[in-house]
Amino acid sequence: MSATTQQVEEQPSSMDTTSSVELSEDQIYHLLQNERRRYVLRYLHGSDGQESMRDIAEQVAAWENDSTVQAITSSERQRVYIPLYQSHLPKLDEEGIIEYDQSRGTVEKTDMADVLYDYLEPTAVAADDDEDGSDDEQTRWEHYYLGASGIGVTLLAGATLGLSPFAILPPGSVGLAILGMFWALTVGQRLA
């Protein structure tokens, strides 16, 4: 195993000199070997200030249970809260990755956290960075597909039941129109 180390310059609050803190790759991998610690870092990635430990625990529980914060149960929340409180957050604090005030229940990432983000899966961190915009875009495309489905059902029902003006359409043209609509939407979404 390589003895490569990562350095981060920290500015101590009581001194004007700069001290260098190093983490070896072994230490980095040890910190990231636990999924809950990775989830904590994922949660803190976009944060610029203090976060509530309770909020972090709720989100981690939601991710672990493939659910939402609103849908998790009290026992699911408790199963995550206790290990975070007793083990994972103190470990990250001890290594200088976060500042954890156990008595106040607050967590804040330090500059050292940026070193660990380089080792996390790029797609997980990138997905969090794009989360706000991609949800809006996804919702927009869902509306387009829903609208196309509604038009397709209307065309098909009208032609099948012989309703005017759909009855004048040649056979097969309704199917081609529906197919063309979805093809155009798929190509449009792919190019967007």
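One structure accompanies this document, and this report is about it. The shown structure was predicted, so the numbers you read here are calculated from the model rather than taken from an experiment.

So, about helix 3 (residues 53–64). Here helix 3 is twelve residues long and its end C-alpha atoms lie 16 Å apart, about the 16 Å a rise of 1.5 Å per residue gives. Counting buried residues in helix 3 gives nine out of twelve residues, a clear majority hidden from the surface. Here the buried face of helix 3 lies against helix 2 (35–44), strand 3 (51–52), helix 4 (74–94), strand 4 (98–101) and strand 5 (106–109). The N-terminus of helix 3 is capped by S52, whose side-chain oxygen sits 3.2 Å from the backbone nitrogen of R54. Residue D66 follows helix 3 closely and has a positive phi angle near 50 degrees.

A few words on a nonpolar patch on the surface. On the surface, Y81, I82 and Y85 cluster together into a nonpolar patch covering about 230 Å² of accessible area. Along the chain, the position of I82 falls in helix 4.

The next thing to look at is the packing of aromatic side chains. For any pair of aromatic rings, the description consists of the separation of the ring centres together with the inter-plane angle of the planes. Counted by the stated rule, this structure contains five aromatic pairs. The interplanar angle of 85 degrees and the centroid separation of 5.5 Å between the aromatic rings of Y29 and Y119 together place this pair among those described as edge-to-face. Residue Y29 is found in helix 1 (residues 25–32), and its partner Y119 is found in the loop between helix 5 (112–117) and helix 6 (122–129); the two are separated by 90 residues along the sequence. Overall, Y29 belongs to the partly exposed group, its relative accessible area being 42%. Seen from their ring centres, Y145 and F182 are 6.2 Å apart, and the 25 degrees between their planes marks the pair as stacked.

Right, let's get into the pattern of salt bridges. Per the stated rule, a full pass over the model turns up three salt bridges. With a closest N to O distance of 2.6 Å, R36 and E64 form a salt bridge. Of this pair, R36 sits in helix 2 while E64 sits in helix 3, placing them 28 residues apart in sequence. For E64, a relative accessible area of 29% puts it in the partly exposed group. Through salt bridges that share partners, R54, E58 and R77 make up one connected network.

Thresholds, definitions, all that
- Residues numbered from 1 in each chain as written.
- Predicted model: local features only at pLDDT ≥ 70, side-chain atom pairs only at ≥ 80, totals over all residues.
- Heavy atoms only, no water.
- Helix = DSSP H or I, 4+ residues; strand = E, 2+ residues; numbered from the N terminus.
- Expected span 1.5 Å × (residues − 1).
- Buried < 20%, exposed > 50% of the residue type's maximum accessible area, 1.4 Å probe, protein only.
- Contact = heavy atoms within 4.5 Å.
- Polar contact = N/O pair within 3.5 Å; in protein donor to acceptor, adjacent residues only side chain to side chain.
- Patch = residues over 30% accessible without salt bridge, like charges linked within 9 Å, V, L, I, M, F, W, Y side chains within 5 Å.
- Areas by Shrake-Rupley, 256 points an atom, 1.4 Å probe, with all protein chains shown as cover.
- Salt bridge = Lys/Arg side-chain N within 4 Å of Asp/Glu carboxyl O.
- Phe/Tyr/Trp six-rings, centres within 6.5 Å; stacked < 30°, edge-to-face > 60°.

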